[in-house]
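A look at the structure
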Amino acid sequence: MLRITKWVNRQIKQLGSTFPKKLASGRLDAKSQTFKNLFPKKVKIDRVATGFQFTEGPIWFAEEKYLLFSDIPANKIFKLTTDGRLTIFRQPSNNSNGLTRDKQGRMIACEHGTRRVTRTETDGSITILVDKFQGKNLNSPNDVVVKSNGAIYFTDPPYGIKPEQQEQPIQGVYRLDPDGNQIIIVADDFDKPNGLAFSPDEKKLYIDDSERRHIRVFDVKMDGTLANGRIFYDMNVKKPGSPDGMKVDVQGHIYCTGAGGVWVFDREGNHLGTIVTPEQPANCAWGDEDLQSLYITAQTSVYKIRVNIPGISLA
């Protein structure tokens, strides 16, 4: 727990010069008309919850109409309903970070504190999906996505551990088979792999590298492995903040948290504009009944902005 708190404190200190103590209102920084068309006229960024230490991993549950998200150093997962009611969903959360859902609607969580990926069953029990690779502990699983066939892909940077605790020789990206029996490395040349998201047809997988401050895109082969990795967009600018959580809408626009806000790209890798947020964002998720709200976890708060194009449903 102490190592995670220290890491979060470093992130906040690094980013502190970007945003004033008194929060400014968010805004849209459009670089194209296409970007403007993605949002309703007179759209605003609403702060829907606040008072947290470091929020991450938002995920929407359409059946019960609520959002879950992690507060990593607080060791909690919070539940936020559409009427604004905030409760604790799980404590301790084992310092959960990225959250997603499988095709049966069960929550998949990356846990820093236990260095594992877990699944919450329908009865509330927790199943450990993976905590080791080739007999050695994982680093600290960070973010996770599930393909339509049930295969799980997750990133494993060392943010949640001390250097001397690292047992894996790489900061890898892994794939767990749909039956959970085999785990393989699908990318081994990242410095700090972080957010990841599939294209709508699942033929491409976007993965960002927070250390190198860029997004890469890979072709997804029939056997689930990755090929032809290349730079999708270089987000290295002269301000604090690195690419982190990422989501894709049904038309293939990529929304990636980064320096100053949520950067939006088209499928060809053009930067259309940025949702400038009051605090440095870490992750985002589609939500509400029509999946036309983007929920953004950003340091001490959770924000929401309406969009015109729905996001991709995860379950």
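Up top is the structure.
This section reports on the structure supplied with the text. (Residues numbered from 1 in each chain as written. Predicted model: local features only at pLDDT ≥ 70, side-chain atom pairs only at ≥ 80, totals over all residues. Heavy atoms only, no water.)

Moving on, we get to the packing of aromatic side chains. Under the definition given, this model contains 16 aromatic pairs. Measuring from ring centre to ring centre gives 5.1 Å for tyrosine 206 and phenylalanine 232, while their planes differ by 70°; the resulting arrangement is edge-to-face. Taken as a pair, tyrosine 206 in strand 18 (residues 204-209) and phenylalanine 232 in strand 20 (residues 226-234) lie far apart in primary sequence, 26 residues in all. The exposure class assigned to phenylalanine 232 is buried, which follows from its relative accessible area of 11%. By way of ring pairs, the aromatic residues Tyr206, Phe232, Tyr233, Trp263 and Phe265 are connected into one cluster. Lying across the ring of tyrosine 66, lysine 79 places its NZ or CZ 4.4 Å from the centre. A cation over a ring is seen here: arginine 216 above phenylalanine 190, with NZ or CZ 4.4 Å from the ring centre. (Phe/Tyr/Trp six-rings, centres within 6.5 Å; stacked < 30°, edge-to-face > 60°. Helix = DSSP H or I, 4+ residues; strand = E, 2+ residues; numbered from the N terminus. Buried < 20%, exposed > 50% of the residue type's maximum accessible area, 1.4 Å probe, protein only. Lys NZ or Arg CZ within 6 Å of the ring centre and 35° of its normal.)

On inspection of all chains with the given rule, the structure shows 16 salt bridges. In this structure, lysine 44 and aspartate 46 form a salt bridge, with 3.8 Å as the shortest nitrogen-oxygen distance. Given a relative accessible area of 56%, lysine 44 falls into the exposed group. Classification of aspartate 46 as partly exposed rests on a relative accessible area of 31%. When the shortest N-O distance is used, the salt bridge between arginine 306 and aspartate 290 registers 2.6 Å. Of the two residues, arginine 306 sits in strand 27 (residues 301-306) while aspartate 290 sits in the loop between strand 25 (283-287) and strand 26 (293-298), which places them 16 residues apart along the sequence. Overall, the relative accessible area of 31% leaves arginine 306 in the partly exposed class. (Salt bridge = Lys/Arg side-chain N within 4 Å of Asp/Glu carboxyl O.)

So, on to the sheet that holds strand 24 (residues 271-276). In any sheet, the strands associate via hydrogen bonds between backbone groups, in a parallel or an antiparallel arrangement. The antiparallel open sheet is built from 5 strands, whose spatial order is 1-24-23-22-21. Of all the strands in the sheet, the pair left with one neighbour each is strand 1 (27-30) and strand 21 (246-248). Between one strand and the next, the sheet's axes are offset by a mean angle of 20°, whatever the strand orientation. (Pairing = 2+ DSSP bridges. Axes fitted to C-alpha atoms, helices over the stretch in contact; angles between N-to-C directions.)

Turning to the sheet that holds strand 25, a few remarks are in order. Taking strand neighbours across the sheet as the criterion, the 4 strands line up as 2-27-26-25 in an open arrangement whose pairing is antiparallel. Only two strands of the sheet have a single partner each, and these edge strands are strand 2 (46-50) and strand 25. Ignoring strand direction, the axes of neighbouring strands in this sheet form an average angle of 25°. Bridging between strand 25 and strand 26 involves 5 bridges; their strand directions are antiparallel. Its bridge partner lying in strand 26, asparagine 283 is registered against threonine 297.

Considering the arrangement of structural elements, one finds aspartate 102 in the loop between strand 7 (96-101) and strand 8 (107-111). The buried category is assigned to aspartate 102, whose relative accessible area is 6%. Within polar-contact distance, the side chain of aspartate 102 engages the backbone nitrogen of glutamine 104 at 3.0 Å. Engagement of the side chain of aspartate 102 in a polar contact is seen with the side chain of arginine 106, the distance being 2.8 Å. Leaving out residues up to four positions away in the same chain, aspartate 102 has contacts with Ile108, Arg119, Val146, Leu314 and Ala315. (Polar contact = N/O pair within 3.5 Å; in protein donor to acceptor, adjacent residues only side chain to side chain. Contact = heavy atoms within 4.5 Å.)

Here we take up the state of the cysteines. Per the stated rule, a full pass over the model turns up 0 disulfides. Of all cysteine sulfurs, the one in cysteine 256 lies closest to cysteine 284, which takes part in no disulfide; the gap is 7.6 Å. (Disulfide = S-S within 2.5 Å.)

Following glutamine 91, the chain continues into proline 92 via a peptide bond in cis, with omega recorded as 0°. Here proline 92 shows up in the loop between strand 6 (86-90) and strand 7. Here the phi dihedral of glutamate 202 falls at roughly 65°; this positive angle occurs in a residue that is not glycine. Mapped onto the elements, glutamate 202 comes out in the loop between strand 17 (193-198) and strand 18. On the basis of relative accessibility, which here comes to 17%, the residue glutamate 202 falls in the buried class. In the Ramachandran plot, glutamine 299 falls in the positive-phi region, its phi being about 50° despite a non-glycine side chain. One can find glutamine 299 in the loop between strand 26 and strand 27.

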